[in-house]
Amino acid sequence: MTTRREFLVLTAAALVPAAVEAQVDPNLAANRKAAFQAALRKVLGDAKVQHGRVKLQLPPLIDNGNSVPLSVTVASPMTEADHVKAIHVLTEKNPLPDVVSVALGPRAGRAWISTRVRLADTQTVTAIAQMSDGSFWSDSAEVVVTLSACLEEGLI
Amino acid sequence: MARAVVTVPARAKRGEIVEIKTLAQHAMETGFRRTQTGELIPRDIIRTFTCSYNGVEVFRCDLHPAIAANPLIAFTTVATESGTLSFQWAGDNGYTVTEIAPIRVE
């Protein structure tokens, strides 16, 4: 029989690591690199990623990293047989590598999304598209950020 | 108060690809910023956004703290039949907003 105290300790122990993991000091370059690799693995699994078909549009030079227009277009007929299943955007040097994950289907008509993102530093942004046949395609864009988002964190 | 704006063409031809723009009012607090006294401001963001066309989900995305404040999401869908498009944002601290837009397909 589990006492109330034991139960509380166990649930607290089970809940805490997930929260802590997300908050590991993101300022360390090594941590950020590992987080980026982990995010990449989570998206790709064991699959290989090919370059092409995806077009990531970002301004090359940004004054303010707090709001950067970003759009991703994937060359795909978007039919039932051949469409884009998902689009992921990842960054190398943000405190968290994930930016946005989109689930699409043939009803989208066109594989295109547009949004506004935060960028913490001058870095490379990567967009990865997962096709219905299971292949992955990607595109990267180099971005120079003069005033970073999260400036108060000393992330530069 | 939580507000959201969506732009959907009022009418479209059958099979036409329509562009939809959505804007939600939200600070998208990242959880990485600190107050002047050094305390971490807790994360408060919109986690998911979904769009349903007459009840069928046609678009879904997961947002992360790297999305700018007042998230703008633009995407496309095929106008298949007249009806309603419903948009839902859900996030931390029980944030949910639902917006509905009618579309007439000719």
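The structure under discussion appears in the preceding block.
Residues numbered from 1 in each chain as written. Chains lettered and ligands numbered in written order. Predicted model: local features only at pLDDT ≥ 70, side-chain atom pairs only at ≥ 80, totals over all residues.

**Here we look at the overall build of chain A**
What counts, and what does not: Labels follow the DSSP assignment, with helices taken as runs of H or I lasting at least four residues and strands as runs of E lasting at least two, numbered in each case from the N terminus. What counts as a contact here is a pair of residues whose C-beta atoms, placed from the backbone, lie within 7 Å.
A count of helical and extended segments in chain A gives two helices and nine strands. Sequence-ordered secondary structure for chain A, helices as α and strands as β, is α-α-β-β-β-β-β-β-β-β-β. Taking all contacts inside chain A whose residues are at least 6 apart in sequence as the whole, residues at least 24 apart take part in 66%.

**Thoughts on the sheet that holds strand β6 (residues 72–78) of chain B**
The cut-off we apply is this: Pairing between strands is defined by DSSP: at least two bridges between them are needed. Geometry is summarised by axes, namely lines fitted to C-alpha atoms with helices restricted to the contacting stretch, and by angles between N-to-C directions that run from 0 to 180 degrees.
Spatial strand order, β2(A)-β4(A)-β7(A)-β6(B)-β3(B)-β1(B): six strands in an open sheet with antiparallel pairing. The sheet is open, and its two edges are formed by β2 (54–57) of chain A together with β1 (4–7) of chain B, each paired on a single side. When the angles between neighbouring strand axes are averaged without regard to direction, this sheet yields 15°. Pairing geometry for β1(B) and strand β3 (residues 17–24) of chain B, over four bridges, is antiparallel.

**A closer look at the pairing of strand β5 (residues 84–91) of chain A**
Residues and elements named next belong to chain A. How we decide: For the exposure call, what matters is how many other C-beta atoms sit within 10 Å of a residue's own: 20 or more marks it buried, 12 or fewer exposed, and in between partly exposed, using C-beta atoms placed from the backbone.
Counting buried residues along β5, six of its eight residues qualify, which places the element largely inside the surrounding structure. Here seven bridges tie β5 to strand β8 (residues 123–131), and the two strands are oriented antiparallel to one another. Each bridged residue has a counterpart across the sheet, and for Val-84 the counterpart in β8 is Met-131.

**Some thoughts on the interface of chain A and chain B**
Counting from both sides, the interface comprises 29 residues of chain A and, opposite them, 25 residues of chain B. Elements that contribute at least two residues to the side of chain A that touches chain B include exactly β6 (98–103) and β7 (112–117) of chain A. Relative to strand β5 (residues 56–63) of chain B, β6(A) is paired through four bridges, and the arrangement is antiparallel. Across the sheet, residue Val100(A) finds its bridge partner in β5(B), namely Leu63(B).

**Remarks on the environment of Thr126(A)**
Residue and element names in this part refer to chain A. Note on placement: Thr-126 falls in strand β8. Take Thr-126: there are 23 C-beta atoms within 10 Å of it, and that puts it in the buried class. For the pair Thr-126 and Val-89, spaced 37 residues apart in the sequence, the C-alpha separation amounts to 5.7 Å.

**Points about helix α2 (residues 29–44) of chain A**
All names here are of chain A. Heads up, the condition is: Working rule for helices: expected span equals 1.5 Å times residues minus one. Here the arc refers to the directions that run from the helix axis out to each C-beta atom.
The end-to-end C-alpha separation of α2 is 22 Å, in line with the 22 Å expected for 16 residues at 1.5 Å each. Those residues of α2 not exposed but buried are Arg-32, Ala-35, Phe-36, Ala-39 and Val-43. The buried residues of α2 all sit within an arc of 100° when viewed along its axis, so they share a single face. Looking at α2, the residues exposed on the side facing more than 90 degrees away from the buried face are Ala-30, Gln-37, Ala-38 and Arg-41. Looking at the buried residues of α2, the elements they touch are β5, β6 and β8. A positive backbone phi angle near 70° is found at Gly-45, which sits one or two residues after α2.

In short, shape yes, function no, at least from these values alone.
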